[in-house]
Amino acid sequence: MKRRELLRALGVAGVAGLAGCGKNRDEWSAREGPPKSDDYPTASESGNVTLNLTATASPGDGFTFVATDYGETDDGYLSVTSTVTNETEEPQAAVLVFKVVVDETTYAERETVRLDPGERETYEFVFDIKRSEYLEADSKRIAPNWEPIEE
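For clarity, every value in this text was computed on a predicted model and none was experimentally measured.

Q: Even after reading the chapter, I still don't get unusual backbone geometry, so can you show me in this structure?
A: What is expected of a backbone is that most residues other than glycine have negative phi and most peptide bonds are trans. If you check the backbone angles, Asp103 has positive phi at about 45° while not being a glycine. Position of Asp103 among the secondary structure elements: in the loop between strand 3 (92–102) and strand 4 (105–115). The residue Glu104 is not glycine, and still its phi comes out positive at about 70°. Tracing the sequence through the fold places Glu104 in the loop between strand 3 and strand 4. Classification of Glu104 by relative accessible area gives exposed; the value is 78%.

Q: Please clarify how the pattern of salt bridges should be interpreted in this entry.
A: Where side chains of opposite charge bring their charged atoms close, a pairing between them can arise. Across all of its chains, the model carries 2 salt bridges by this definition. Of the charged contacts, one joins Glu72 and Arg131 as a salt bridge, the two residues approaching to 2.8 Å between their closest N and O atoms. Note that Glu72 is positioned in strand 1 (residues 63–72) and Arg131 in helix 3 (residues 131–136), a separation of 59 residues in sequence. Glu72 sits in the partly exposed class, given a relative accessible area of 32%. Note on Arg131: relative accessible area 13%, which makes it buried.

Q: Even after reading the chapter, I still don't get the nonpolar core, so can you show me in this structure?
A: Within soluble globular proteins, side chains that are nonpolar tend to cluster in buried spots. Ranked by internal contacts, the top residues of the largest apolar core, which has 22 residues, are Val84, Leu96, Phe98, Phe127 and Trp146. Elements with a contribution of two residues or more to this core: strand 1, strand 2 (77–86), strand 3, strand 4, strand 5 (120–130), helix 3 and strand 6 (140–147). If you tally residues by element for this core, the top one is strand 3, at 5 residues. Discounting residues that sit within four places of it in the chain, Trp146 has contacts with Ser58, Pro59, Gly60, Phe63, Phe65, Val84, Ala94, Val95, Leu96 and Val113.

Cut-offs used in this document
- Residues numbered from 1 in each chain as written.
- Predicted model: local features only at pLDDT ≥ 70, side-chain atom pairs only at ≥ 80, totals over all residues.
- Heavy atoms only, no water.
- Helix = DSSP H or I, 4+ residues; strand = E, 2+ residues; numbered from the N terminus.
- Buried < 20%, exposed > 50% of the residue type's maximum accessible area, 1.4 Å probe, protein only.
- Salt bridge = Lys/Arg side-chain N within 4 Å of Asp/Glu carboxyl O.
- Core = buried A, V, L, I, M, F, W, Y, C linked by side-chain atoms within 4.5 Å.
- Contact = heavy atoms within 4.5 Å.

The structure is reproduced here in structure tokens:
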């Protein structure tokens, strides 16, 4: 049982790494879709992420990122659209947080994710920063994270 939980956590961490974590090295257009996965370093490439295998399970355990797209709204604001599925046999709930860090300023958007077994949903996050400002920044990154639901 613990092995399954560990493998699921590692799988989610790996998908999250490929889902846009890291620094955008090239300019991209909303019309071209998301950057190639090699445009964003994964957690293992960045060298500053430690995986604690004895840590408490993440609130996002059971969720899998199916697709994540990066773009902009009609008025030029940076947007992230992410599709998530519940891979477990039980209903799952957590808060999905996407953070955009630009020159030491953090922009965060949250969405509560409640999915039945096998259910899939797409969420859009629009940030209070123009895509052009993001592209021009010296230091930038986009990262997803899971938080528990506060009720």
